[in-house]
Amino acid sequence: AQAWGDFVRAAAGVTPARWPQVSLWQGAADSIVNPVNQRELVKQWTNVFGIDQIPDRVDVVNNIRHSVYQDPGGYPRLETYEIAGFDHAIAIDPGPGPGQCGSTAPYVEDADICSALKILEFWGVAP
């Protein structure tokens, strides 16, 4: 974790006052990116944020496991979504309803969740 965190710090050149929040999405059946990569990224980013690797909150959103990692002040710094049975694609929820988005296409699949909206909500910039 330390070595990978050091890569992030070195790439930034300077340490920002606050690192941006990170949202990691992974299909558990991904045939291109091994799902273990998400766990390794959690180690890397929790090191960058200086927080532990144990999620502060685990819940289920639209039947998808969602974990949130907070800093000591309770601010969410990192979140993960682990989509069971999902291959390598962007998760969307086609339709006109609130919280829905997108149209299926190669590597854009219906997962009954709008990943773009969830990320915007996590960043605090959703309408």
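Just above sits the structure.
What this report covers is the structure whose coordinates are included nearby. Just so it is clear, the structure is predicted and the values come from calculations on it, not from any experiment.

The rules behind the values
Residues numbered from 1 in each chain as written. Predicted model: local features only at pLDDT ≥ 70, side-chain atom pairs only at ≥ 80, totals over all residues. Heavy atoms only, no water. Axes fitted to C-alpha atoms, helices over the stretch in contact; angles between N-to-C directions. Helix = DSSP H or I, 4+ residues; strand = E, 2+ residues; numbered from the N terminus. Left-handed = near helix turned anticlockwise from the far one by under 90°. Contact = heavy atoms within 4.5 Å. Nonpolar A, V, L, I, M, F, W, Y, C, P; charged D, E, K, R; others polar. Core = buried A, V, L, I, M, F, W, Y, C linked by side-chain atoms within 4.5 Å. Buried < 20%, exposed > 50% of the residue type's maximum accessible area, 1.4 Å probe, protein only. Expected span 1.5 Å × (residues − 1). Pairing = 2+ DSSP bridges. Phe/Tyr/Trp six-rings, centres within 6.5 Å; stacked < 30°, edge-to-face > 60°. Lys NZ or Arg CZ within 6 Å of the ring centre and 35° of its normal.

Attention now goes to the packing of helix H1 (residues 2–12) against helix H2 (residues 36–49). Two elements in contact, H1 and H2, have axes whose closest approach is 8 Å; the angle formed by their N-to-C orientations is 65°. Of the two possible hands of crossing, H1 and H2 adopt the one that is right-handed. Across from Gln2, Trp4, Gly5, Val8 and Arg9 in H1, the residues of H2 making contact are Gln44, Trp45, Asn47 and Val48. Taken together, the residues of the contact of H1 with H2 sort by class into four nonpolar, four polar and one charged.

Val8, Trp19, Val22, Leu24, Val42, Trp45, Val48, Phe49, Ile51, Tyr69 and Leu78 form the largest nonpolar core, which has 11 residues in total. At the level of elements, strand S1 (22–27) and H2 are the ones that each hand at least two residues to this core. At four residues, H2 tops the list of elements feeding residues into this core. Counting eight residues, the second-largest nonpolar core is a separate cluster that includes Ile83, Ala91, Ala111 and Ile113.

Further remarks concern H2. An ideal rise of 1.5 Å per residue puts 20 Å on 14 residues; H2 measures up with 20 Å between its terminal C-alpha atoms. For H2, the elements touching its buried residues are H1, S1, strand S3 (64–70) and strand S4 (76–83). Taken from the residues just after H2, Gly50 is the one with a positive phi, measuring 70°.

Within S4, six of the eight residues are buried, which leaves the element mostly enclosed by the surrounding structure. In this sheet, S4 lies alongside S1 in parallel orientation, the contact comprising six bridges. By the bridge assignment for S4, Val22 is matched with Leu78. The sheet contact formed by S3 and S4 spans six bridges and is antiparallel. The partner of Val68 across the bridge, within S4, is Glu79. Two successive antiparallel strands, S3 and S4, enclose a turn made up of five residues, where Gly74 displays a positive phi of approximately 85°.

Taken as a whole and judged by the stated rule, the model has four aromatic pairs. An angle of 75° between the planes, with centres 6.5 Å apart, marks the rings of Trp19 and Trp45 as edge-to-face. One end of the pair, Trp19, is in the loop between H1 and S1; the other, Trp45, is in helix H2, with 26 residues separating them in the sequence. Judged by its relative accessible area of 13%, Trp19 is buried. Assessed through its relative accessible area of 16%, Trp45 is described here as buried. Here the aromatic residues Trp19, Trp45 and Phe49 are joined through ring pairs into a cluster of three or more. Above the plane of the ring of Tyr75 lies Arg18, whose end atom (NZ or CZ) is 4.1 Å from the centre.

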